[in-house]
Amino acid sequence: MELTNQENIGPIRINAEASERLGGNWKTKLFEEIGGDYVVKVDHRVQEETKRNADESDAEYYSKRYAASVSFVQRQKANSDPVRNYIPEGIKTPQEFHLIIDGEDGFPIPIRVQEKVEGKMIRDIDLHDLSDKNRDLLKQLVDSSIKYFLSTGKIIDLAGSYGKEDKKISFATLARWLIDSATKPIEKSSNIFINKDNILVMVDLNTSFPGDDLANKVGKFILFSGLMGTKLAEKLKLRSKK
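These numbers were taken from a predicted model, which means no experiment stands behind them.

A.B. asks: Please clarify how the side chain of Asn191 should be interpreted in this entry.
C.D. replies: Take Asn191: it is sitting in the loop between α5 (171–183) and β7 (192–195). A polar contact of 3.0 Å, which involves the side chain of Asn191, links it to the backbone oxygen of Asp157. The residues touching Asn191, leaving out its near neighbours within four places in the chain, are Asp157, Leu158, Ala159, Gly160, Val201, Met202, Val203 and Asp204.

A.B. asks: Mind showing me how you'd approach the pattern of salt bridges here?
C.D. replies: If charged atoms from side chains of opposite charge come close, those side chains can pair. According to the stated counting rule, one finds 13 salt bridges in the structure shown. A salt bridge links Arg52 to Asp58; its shortest N-O distance comes to 2.6 Å. The partner of Arg65 in a salt bridge is Asp105, and the shortest N-O contact between them spans 2.8 Å. With Arg65 in helix α3 (residues 58–84) and Asp105 in the loop between β3 (96–102) and β4 (108–115), the pair connects residues that are 40 residues apart, well separated along the chain. The class of Asp105 is partly exposed, set by a relative accessible area of 32%. Among the ionic contacts, a cluster of salt bridges with common partners joins Glu96, Arg112 and Asp204.

A.B. asks: I tried to follow the environment of Leu205 on my own but got confused; where do I start?
C.D. replies: Turning to its location among the elements, Leu205 is positioned in the loop between β8 (200–202) and β9 (207–208). In this structure, the C-alpha to C-alpha distance between Leu205 and Gln76, residues 129 residues apart in sequence, is 9.4 Å. Beyond its immediate chain neighbours, meaning those up to four positions away, Leu205 contacts Ser80, Val83, Arg84, Ile87 and Thr93.

A.B. asks: Explain the packing of aromatic side chains here, please?
C.D. replies: Each pair of aromatic rings is reported with the distance of its centres and the angle of its planes. Taken as a whole, this structure holds four aromatic pairs when the rule is applied. Ring centres 6.1 Å apart and planes at 50° place the aromatic pair Tyr62 and Phe107 in the tilted group. Highlighted residues: Tyr62 in helix α3 and Phe107 in the loop between β3 and β4, separated in sequence by 45 residues. What makes Phe107 buried here is its relative accessible area of 11%. Geometrically, the ring pair formed by Phe149 and Phe224 is stacked, given 4.3 Å between the ring centres and 25° between the ring planes. Taken together, the positions of Phe149 in helix α4 (residues 132–152) and Phe224 in helix α6 (residues 214–241) put the pair 75 residues apart, joining distant regions of the chain. Each member of the pair, Phe149 as well as Phe224, carries the same accessibility label: buried. Each member of the aromatic cluster is reached from another via a ring pair, and the members are Tyr61, Tyr62 and Phe107.

A.B. asks: Just checking my understanding: could you explain the sheet that holds strand β5 (residues 119–121) for this structure?
C.D. replies: Strand order in the open sheet formed by three strands is β5-β7-β8, and the pairing between neighbours is antiparallel. Unpaired on one side and paired on the other, β5 and β8 mark the two borders of the sheet. Strand-to-strand twist in this sheet, taken as the mean axis angle between neighbours without regard to direction, amounts to 30°. The pairing of β7 with β8 spans three bridges and is antiparallel. Its bridge partner being in β8, Ile192 is matched across the sheet by Met202.

Rules of the game
- Numbers given for residues are sequential positions, taken from 1 along each chain in its written order.
- Totals for whole chains, interfaces and linings use all residues, but because this is a predicted model, local features are given only for residues with pLDDT of at least 70 and pairs of side-chain atoms are given and counted only at 80 or more.
- Hydrogens are left out, water is left out, and the side-chain values use all remaining heavy atoms of the structure.
- The numbering of helices and of strands both runs from the N terminus, where a helix is a DSSP run of H or I of at least 4 residues and a strand a run of E of at least 2.
- Polar contacts, as counted here, are pairs of nitrogen or oxygen atoms within 3.5 Å of one another; within protein the pair requires one atom able to donate a hydrogen and one able to accept it, and residues that are adjacent in sequence qualify only if both atoms are side-chain atoms.
- Residue contacts are defined here by distance: any two heavy atoms, one from each residue, within 4.5 Å place the two residues in contact.
- One side-chain nitrogen of Lys or Arg within 4 Å of one carboxyl oxygen of Asp or Glu is enough to make a salt bridge.
- Throughout, exposure labels follow a simple rule: accessible area from a 1.4 Å probe, protein chains only, divided by the maximum for the residue type, with under 20% read as buried, over 50% as exposed, and the rest as partly exposed.
- Paired rings are identified among Phe, Tyr and Trp, the last through its six-membered ring, by centres lying within 6.5 Å, and are further divided according to the angle between planes into stacked (under 30 degrees), edge-to-face (over 60) and tilted (the rest).
- The pairing criterion for strands is at least two bridges between them, as found by DSSP.
- Lines fitted to C-alpha atoms define the axes here, with helix axes fitted over just the stretch in contact, and angles between the N-to-C directions of these axes take values from 0 to 180 degrees.

Written as structure tokens, this is what we have:
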């Protein structure tokens, strides 16, 4: 099965025999069945960044790619698990499972199998159409994100994808994403959904600008400014109603 960056698949069954034969590691095979309850998300960074030396055998490179994939998954979980604790009760976070499979080139690659969300992204709807409860939950999410930054120095990725994963992204697209993130971090989010049951869902729990170099610090500052601006605007709105 050819895997794209996001592909709907049916229920997942693990090939336990293959896993045991390979020493009980995470190597799995996915079997497609009728249904579409999950989404496969493939991250090609390990494949792109783990270069093969000219004198490496298949077995040596396989081992190196596998080790790099395990390290990548560990970093992803260390990044996402703490974020999950800051998501307010009432906002659903889909189940997700980290797996390592053979990529298209025959060597290990990490993937995430994530519970599929059926609904609309927040950026595609008018927030005034949400229930009072859901609007209040979004305010709580802003508060939690501010607390997370003040506690850890990291910024929760509320904005999500805006084409910034494309290596050929234009400066104009990146600038627009930063402006939207700084002025409308909730309204323009592609990581927050309202599902078919009218429940808010936060997907892809992660942090933005994870590095400590100047560019990442500037990015985090811009996003944090957007959160603070949203909080201030809400306080001004409440004061004007009194």
